[in-house]
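Listed here are the chains, written in short residue letters.
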Amino acid sequence: MTKKHENNWDNRYDEERFFYGREPNYLVARELPKLQKGRGLFLAEGEGRNIVFAAGLGHDVVAVDNSFVGQRKAMELAAGNSVEIEYRLDDLITGNWDSENWDFVVLCFVHMPPDVMGDVHRRVVESLNPNGTVVFCSFEKGQFGRHSGGPPQLEMLHDAKVVASQLDGLNWDYLQIVEVELRESVGHFGRGVVLEGVGVKGG
Ligand SMILES: C[S@@+](CC[C@H](N)C(=O)[O-])C[C@H]1O[C@@H](n2cnc3c(N)ncnc32)[C@H](O)[C@@H]1O
């Protein structure tokens with residue numbers, strides 16, 4: 001990877017190819033069409049594959065990520081699909097994305113050090129409207145040592161019990177560990193161990 005930018009995600013994204021592809025993640029593609037049209041937040045949205053899909057379904061959508069290359073590519077993807085998105089260049093830890101209320105929040109491969117991940121998760125629940133939904137899809141600890149994607153550090157991978165306790169206040173339709181064949185461009189490729197879930201905030 002060429003070190004052109006300070007932010008390593010910018011270096012990763014700074015090419016014509018989309019690192020995770022232009023198509024939505026499989027769980028996002030499966031779950032978002034079931035939601036009533038609403039205002040949705042996409043945390044750590046990267047190059048925009050999920051938010052652009054959601055905008056195409058008619059949702060009113062906002063992304064937060066601190067990669068300016070990701071933002072540029074997402075805006076281009078949105079324009080190419082003739083949809084409108086808002087993409088805030090901001091940090092998940094210090095940003096004030098939770099000063100608004102959301103009908104749904106998408107957490108798709110959001111992996112952060114444990115000391116800050118819990119705080120982000122708690123703020124997600126606080127910022128959800130009653131009956132608001134979380135769509136969660138990220139690598140589980142069983143992914144450790146595999147080369148199909150995700151951070152190499154065990155502590156950055158997710159554990160179902162920890163996630164459920166950090167996202168306290170949700171009633172889960174399901175929260176399960178699955179082994180899936182990922183075909184998400186070059187970023188996620190091969191069999192992966194994923195924690196996937198859909199949870200609804202109590203009214
Ligand atoms: C694994 S990628 C996931 C991208 C997207 N959710 C997807 O599935 O296509 C992780 C994303 O987290 C973003 N990120 C990491 N730390 C962040 C932080 N502290 N604040 C905002 N974004 C962050 C990166 O810029 C990157 O786009």
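Keep in mind the model is a prediction, meaning the values are calculated, not measured. (Residues numbered from 1 in each chain as written. Predicted model: local features only at pLDDT ≥ 70, side-chain atom pairs only at ≥ 80, totals over all residues.)

Participant: Looking at this structure, how should I read the overall build of the chain?
Facilitator: Within the chain one finds six helices and seven strands. Scanning the chain from its N terminus toward the C terminus, one meets helices and strands in the order α-α-β-α-β-α-β-β-α-β-α-β-β. Taking the principal axes of its C-alpha atoms as reference, the chain extends roughly 45 × 40 × 30 Å. Looking at the 203 residues of the chain, the share that counts as buried comes to 38%. When contacts within the chain are restricted to residue pairs at least 6 apart in sequence, those whose partners lie at least 24 apart make up 70%. (Helix = DSSP H or I, 4+ residues; strand = E, 2+ residues; numbered from the N terminus. Buried ≥ 20, exposed ≤ 12 C-beta atoms within 10 Å, placed from the backbone. Contact = placed C-beta atoms within 7 Å.)

Participant: Help me understand the nonpolar core, please; the structure alone is not making it clear to me.
Facilitator: Within soluble globular proteins, side chains that are nonpolar tend to cluster in buried spots. One finds Ile51, Ile85, Val105, Leu107 and Val135 to be the most contacted residues of the largest nonpolar core, which totals 42 residues. Those elements that provide at least two residues to this core are helix H2 (26–31), strand S1 (39–43), helix H3 (49–56), strand S2 (60–65), helix H4 (68–80), strand S4 (102–108), strand S5 (128–139) and strand S7 (188–201). When near neighbours in sequence (up to four residues on either side) are disregarded, leucine 107 contacts Leu43, Val124, Val134, Phe136 and Ser138. (Core = buried A, V, L, I, M, F, W, Y, C linked by C-beta atoms within 7 Å.)

Participant: Explain the sheet that holds S2 to me, please; I cannot follow it from the model alone.
Facilitator: Sheet strands pair via backbone hydrogen bonds, and the direction of the pair is either parallel or antiparallel. Spatial ordering of the open sheet is given by S3-S2-S1-S4-S5-S7-S6, a layout of seven strands whose pairing is mixed. The open sheet has two edge strands with one neighbour each: strand S3 (86–89) and strand S6 (170–184). Strand-to-strand twist across the sheet, computed as the mean angle between neighbouring axes with direction ignored, equals 15°. Most of the contacts of H3 go to S2, to which it runs at about 170°, and overall it touches S1, S2 and S4. Relative to S3, H4 is tilted by about 170°, and along the sheet it contacts S2 and S3. (Pairing = 2+ DSSP bridges. Axes fitted to C-alpha atoms, helices over the stretch in contact; angles between N-to-C directions.)

Participant: What am I meant to see in unusual backbone geometry here?
Facilitator: Excluding glycine, residues mostly carry a negative phi; peptide bonds, for their part, are mostly trans. One non-glycine residue, alanine 44, lies in the positive phi region at around 55°. By the element assignment, alanine 44 lies in the loop between S1 and H3. In this model, asparagine 131 sits at a positive phi of 70°, which is unusual for a non-glycine residue. With respect to the helices and strands, the residue asparagine 131 is situated in strand S5. Residue asparagine 131 is classed as partly exposed on the basis of its 14 C-beta neighbours within 10 Å.

Participant: Help me out: how do you make sense of the pairing of S6 in this one?
Facilitator: Taken residue by residue, a regular strand's side chains alternate between the two faces of the sheet. Across 14 bridges, the pairing between S6 and S7 is antiparallel. Bridge assignment links valine 178 to a residue of S7, and that residue is valine 194.

Participant: Even after reading the chapter, I still don't get the environment of aspartate 173, so can you show me in this structure?
Facilitator: Tracing the chain through its elements places aspartate 173 in strand S6. Here the alpha-carbon distance between aspartate 173 and valine 200, two residues 27 residues apart in the chain, equals 7.5 Å.

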